[in-house]
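Breakdown of the fold
Given next are the chains, with one letter for each unit.
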Amino acid sequence: MSGYDQREGVIWFNGELIPWDDARVHLLTHALHYGSAVFEGMRAYDGEIFKLTEHNQRLHTSAEILDFEVPYSVAELDKAAREVVRANNLSDAYIRPLAWRGSEQMGVSAQKTKINVAIAAWDWGSYFDPAAREKGLKLTFAKYCRPDPRTAPVHSKAAGLYMICTVEKHRAERAGFADAVMLDWRGQIAECTGANIFFVKDGAITTPTPDCFLDGITRRTVIGLAKQRGWKVIETSIMPEELSGFTECFISGTAAEVMPVGSIGDYTFEVGDITRTLMDDYAALVRPARAVAAAG
Ligand code: PMP
C-alpha cells in the first residue's frame with residue numbers, strides 16, 4: 001500500500017521547497033507525543049486557493065491559542081501555499097499547512113522547541129461519496145461530545161482535538177454511515193467530525209452557534225451566500241429532539257464542501273431547494289473564472 005509519504009512532488013518545509021520524500025520529522029518530535037500541532041485544510045479550484053488568507057490567519061490564531069507563534073507571516077504563508085500548488089502542477093487540490101513543535105525539548109514544557117511549518121498539497125477529489133450529492137449523506141450520532149471551552153482549546157484547529165473525531169468517524173463508518181454528528185457537552189447539536197451543520201425549516205436556515213467548535217470558513221461563506229439570497233439564517237442552540245421539525249439538512253467544510261444530509265439516525269431530510277441552491281452557489285463562488293466565462 002502506498003501512503004501519503006510515498007507520493008511524488010515537493011513540500012514547502014520551513015521556508016523551502018523540498019522533495020516529498022525528504023519531508024520527515026524525528027520520533028522525538030514534541031507534537032507527536034503531546035499534540036502540539038495546528039493545521040489548516042484549504043482547497044484550490046482552477047489553480048486559485050479559496051479563502052487562502054483566512055485559512056492562514058486561522059493557522060496563526062490556532063497556534064496562539066496553543067501558546068506558540070507561527071514563525072512566518074500570513075503573507076509569507078499565502079505566497080508559500082501558492083508556490084506549492086504551482087510547483088506540483090496542481091489545479092484542483094487540497095492544501096495542508098501544518099505548524100508543530102519540534103524535538104528540542106521533551107516533557108510537557110516545550111518553551112524551547114522550534115516551531116516548524118510545512119505545506120503539502122495533493123489532488124483530493126470529493127471527501128464524501130459523490131452519490132451523496134443526490135441522495136444525501138447517511139449520518140449517525142457520535143458518543144463523544146465536543147468539549148466545554150473550559151476543558152479544551154475549542155477554537156483552535158488543533159491536531160489533538162481530532163482524536164475523538166477519528167474514533168467517531170471510524171465508529172460511524174463501521175456501522176455503515178458516512179459520518180457522525182457530535183453533540184456538545186450540553187447535549188446540543190454541534191457539528192460533524194470535520195464539517196459544520198445546517199438545518200432548514202419553512203425557508204429559514206438554522207445552524208448551531210459556534211461557541212465550542214470551529215466557526216468554519218465554509219460555514220461563514222455559506223451564511224453569506226444564504227443572506228445574499230435573502231434567506232434568514234438563525235444561529236442558535238439546537239437539541240437533537242428538535243430535528244424532527246426540520247425538512248432539509250446539509251453540512252459545510254473545506255474538504256466536504258456543501259453536502260446534503262439524508263438522515264441522522266432516525267431523523268430524515270429531503271435534498272431540497274435551499275440545499276441544492278447553496279451547493280450550486282458555493283460551487284460557482286469557488287470557481288469565479290468559470291462563472292465569468294459562462295456569463296460572457
Ligand atoms: N469542524 C471541524 C471539526 C472541521 O475539521 C472542519 C474542517 N476544517 C470544519 C468544522 C469546517 O471548517 P472549514 O469550513 O473552515 O473548513
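Residues numbered from 1 in each chain as written. Predicted model: local features only at pLDDT ≥ 70, side-chain atom pairs only at ≥ 80, totals over all residues. Heavy atoms only, no water.

Topic: the site of the ligand
Here is the rule we go by: Near residues are defined by distance, with any heavy atom within 4 Å of the molecule or strand qualifying the residue. In protein, a polar contact requires one atom able to donate a hydrogen and another able to accept it; more generally it is a pair of N or O atoms within 3.5 Å, and residues adjacent in sequence count only if both atoms are side-chain atoms. Surface accessibility in these figures is a Shrake-Rupley result with a 1.4 Å probe; residues are shielded only by whichever protein chains are displayed. All amino acids are sorted into three groups, where Ala, Val, Leu, Ile, Met, Phe, Trp, Tyr, Cys and Pro are nonpolar, Asp, Glu, Lys and Arg are charged, and the leftover types, Gly among them, are polar.
Close contacts around the ligand come from 14 residues, with Y162, E191, I217, T218 and T254 the closest. Here a nitrogen atom of the ligand and a side-chain polar atom of K157 are 2.8 Å apart. Within the complex, 95% of the 380 Å² of free accessible area of the ligand lies under protein. Across the shell around the ligand, the residue classes tally to four nonpolar, seven polar and three charged.

Quick word on the nonpolar core
Short version of the rule: Definition of nonpolar core: a set of buried residues of the types Ala, Val, Leu, Ile, Met, Phe, Trp, Tyr and Cys, connected through side-chain atoms within 4.5 Å. A 1.4 Å probe rolled over the protein chains alone gives each residue an accessible area, and that area as a share of the maximum for its type sets the label: buried under 20%, exposed over 50%, partly exposed in between. The numbering of helices and of strands both runs from the N terminus, where a helix is a DSSP run of H or I of at least 4 residues and a strand a run of E of at least 2. Start and end positions for the domains come from either an automated domain assignment or a database one. What makes two residues a contact is simply this: any of their non-hydrogen atoms within 4.5 Å.
Counting 28 residues, the largest nonpolar core has W12, I49, L77, I95 and I119 as the members making the most contacts within it. Among the elements of the structure, β4 (42–45), α2 (52–65), α3 (74–87), β6 (93–101) and β7 (115–122) are those that each provide at least two residues to this core. If you tally residues by element for this core, the top one is α3, at five residues. Per-domain counts for this core show at least three residues from each of domain 1 (7–122) and domain 2 (132–288). Excluding anything up to four places from it in sequence, L77 contacts W12, N56, L59, H60, V70, Y72, V117 and I119. Formed by 21 residues, the second largest nonpolar core is a distinct cluster that contains L139, I189, L243 and M259.

What about the environment of Y267?
You can see Y267 is positioned in strand β16 (residues 267–268). On the accessibility criterion, Y267 (25% relative accessible area) is partly exposed. When sequence neighbours within four positions are dropped, the list of residues in contact with Y267 reads F141, P240, E241, L243, S244 and G262. For Y267, the side chain forms a polar contact with the main-chain oxygen of P240, separated by 3.4 Å.

Structural notes on the pairing of strand β1 (residues 10–13)
What counts here: Pairs of strands are assigned from DSSP output, requiring at least two bridges between the strands.
In the sheet, β1 pairs with strand β2 (residues 16–19) via four bridges, with the strands oriented antiparallel. When the bridges of β2 are listed, F13 appears paired with E16. Where β1 folds back onto β2 in an antiparallel hairpin, the turn is made up of two residues, including N14, whose phi is positive at roughly 45°. Two elements, β1 and β7, share two bridges in a ladder whose sense is antiparallel. Across the sheet, the residue bridging to F13 is A118, located in β7.

Describing the domain arrangement of the chain
Using the following cut-off: What counts as buried area is the accessible surface, traced by a 1.4 Å probe, that two parts surrender upon association, with contributions from both included. By definition here, a salt bridge exists when the distance from a side-chain nitrogen of Lys or Arg to a carboxyl oxygen of Asp or Glu is within 4 Å.
In terms of domains, the chain is made up of domain 1 (7–122) and domain 2 (132–288). Here the C-alpha centre of domain 2 lies 26 Å away from the C-alpha centre of domain 1. Listed per partner, the contact involves 20 residues of domain 1 and 20 residues of domain 2. Here domain 1 packs against domain 2, burying approximately 1,700 Å² in sum over the two surfaces, 61% of which is carbon and sulfur. Close ionic contact of D46 with R287 constitutes a salt bridge, the shortest N to O distance being 3.0 Å. The interface formed by domain 1 and domain 2 holds nine residue pairs in polar contact (both at pLDDT 80 or more) in total. When contributions to the side of domain 1 that touches domain 2 are tallied by element, the ones reaching two or more residues are β3 (37–39), β4 and α2. Among the elements that line the side of domain 1 that touches domain 2, the one with the most residues is α2, at five residues. Its residues placed into classes, the side of domain 1 that touches domain 2 shows nine nonpolar, four polar and seven charged.

Some remarks on the packing of aromatic side chains
Rules: Aromatic pairing here means that ring centres of Phe, Tyr or Trp (its six-membered ring) are within 6.5 Å. Orientation follows from the plane angle: under 30 degrees is stacked, over 60 is edge-to-face, and everything else is tilted.
Tallied over the full model, the rule gives 14 aromatic pairs. Summarising the aromatic geometry, the rings of F39 and Y162 are spaced 5.0 Å apart at their centres and angled 55° between planes, so their arrangement reads as tilted. You can see F39 sitting in strand β3 and its partner Y162 sitting in the loop between β8 (137–141) and α5 (163–174), a full 123 residues away along the chain. Judged by its relative accessible area of 9%, F39 is buried. Here Y94 and W122 contribute two aromatic rings whose centre-to-centre distance is 5.4 Å and whose plane-to-plane angle is 50°, an arrangement assigned as tilted.

What about the pairing of β7?
β7 sits mainly inside the fold: eight of its eight residues count as buried. Both faces of β7 are covered, namely the face carrying I115, V117, I119 and A121 and the face carrying N116, A118, A120 and W122. Pairing between β6 and β7: eight bridges, direction antiparallel. For R96, the partnering residue across the bridge sits in β7 and is A120.

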